[in-house]
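Analysis of the macromolecular model
Here are the chains, one letter per residue:
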Amino acid sequence: MMDYDYMKPASMKEVFTLLKEYGPKATLIAGGTDVMVNIRNRELSPEVLISLRGLHELRYIRKNDGYHIGALTTHRMLEQSDMVKGELSALHDAASQLGSVQVRNVATVGGNICNAAPSADTAGPLLALDATVVLEGPDGRRSVPIADFFTGPSKTVRKGDEVLVEFHIPEAPGRFGSAYWKHARRRAMDLPLLGLAVGLALSESREIFDARIGLTVAAPVPMRAHKAEEFLKGKPLEAEVLEEAGEIASSEASPRDSLRSKAWYRREMIAVFVPRMVRLAAERIRDK
Ligand SMILES: Cc1cc2nc3c(=O)[nH]c(=O)nc-3n(C[C@H](O)[C@H](O)[C@H](O)COP(=O)(O)OP(=O)(O)OC[C@H]3O[C@@H](n4cnc5c(N)ncnc54)[C@H](O)[C@@H]3O)c2cc1C
């Protein structure tokens, strides 16, 4: 039986005081759906758990100069938000398929990103939505583009004395839609063997004005397929164009063989699902 203290500060100031006092002996905990599993598997043995659950002010979804999502927002809140469904559809797709309802009721988007699993479901959509991660430390706040946040499996640029407080998503130019495909082995609670998100902006003439492709489980860290994005810009939404973009994205990825899938299969599926997700994002623009 693992023995640890549990502390539930009521303010950010108290969190920083505790982080300073306990340093690496402490682990932050939000929903606990990764932390408690890691403790039980003996991959994590903190002396102190510092719970963020008393920081109710970090639970929100707001639109004001872009979108602001508090780090403690649960996946269920994202799933149930009409604004997220209509305007940040890729994030809605991901949040509503993560774990079970019970998991989504407690698990947070901040926890999903700080845990930094290569398979994190919200990472692809946040990449395709061009999100910025806002970190707060004892000396103030700093913003990091989500594309620069992950440095390796379970590793991020977050310093030990910082808390992820918010995601900021800029309002996209023009007519914008997005979509996320979670490719899993079964249609039940499962981690993706590939995650693929697309953010798409179309001009009035339905040419591709902007395209962003976020891939997960396609490399050691969640990644943008920049070459495929550049290729798509200014092109019409035609089958050959989308298929070529899929091939380019596939060649940019560096997936590995794992229990869930072989690398070659992941590559093939990137080529298959880039066109499908671009089309779905475009359909969502048309339906607006
Ligand atoms: C049954 C089950 C099914 C699951 N299915 C999925 C799935 O389908 N897809 C998927 O992506 N994940 C899945 N997960 C993993 C997990 O639920 C998610 O990663 C979840 O979003 C983690 O959020 P949390 O609030 O529970 O994080 P926690 O477990 O509380 O924390 C996770 C990590 O983030 C750190 N942390 C948390 N919040 C902050 C913050 N604000 N600032 C700094 N550090 C912070 C913690 O210190 C810890 O290192 C599943 C887990 C379980 C148990």
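Residues numbered from 1 in each chain as written. Predicted model: local features only at pLDDT ≥ 70, side-chain atom pairs only at ≥ 80, totals over all residues.

Points about the domain arrangement of the chain
For the chain, the assigned domains read domain 1 (5-51), domain 2 (56-169) and domain 3 (175-286). Domain 1 puts 13 residues into the contact, and the matching count from domain 2 is 14 residues. Among the elements that make up the side of domain 1 that touches domain 2, the one with the highest residue count is helix H1 (residues 12-22) (5 residues). Class assignment for the residues of the side of domain 1 that touches domain 2 results in 7 nonpolar, 4 polar and 2 charged. (Domains from an automatic or database assignment. Contact = placed C-beta atoms within 7 Å. Helix = DSSP H or I, 4+ residues; strand = E, 2+ residues; numbered from the N terminus. Nonpolar A, V, L, I, M, F, W, Y, C, P; charged D, E, K, R; others polar.)

Section: the sheet that holds strand S3 (residues 48-51)
Taken in spatial order, the 3 strands of this open sheet run S1-S3-S2, and their pairing is parallel. Two strands in the sheet have a free side with no partner beyond their single neighbour: strand S1 (5-7) and strand S2 (26-29). Each neighbouring strand pair of the sheet contributes to a mean axis angle of 25 degrees, computed without reference to strand direction. Where S1 and S3 come together, 3 bridges link them in parallel fashion. Directly across from Tyr6, in S3, lies its bridge partner Leu49. Sitting on the sheet, H1 is in contact with S1, S2 and S3, with an inclination near 165 degrees to S3. (Pairing = 2+ DSSP bridges. Axes fitted to C-alpha atoms, helices over the stretch in contact; angles between N-to-C directions.)

Notes on the site of the ligand
Close contacts around the ligand come from 30 residues, with Gly31, Gly99, Gly111, Asn112 and Cys114 the closest. Counting only elements with at least two residues in the shell around the ligand, the list comes to S2, helix H2 (35-40), helix H7 (109-115) and strand S10 (163-169). Its residues assigned to classes, the shell around the ligand shows 16 nonpolar, 11 polar and 3 charged. Three or more residues apiece are contributed to the shell around the ligand by two domains, here domain 1 (5-51) and domain 2 (56-169). (Near = placed C-beta within 6 Å.)

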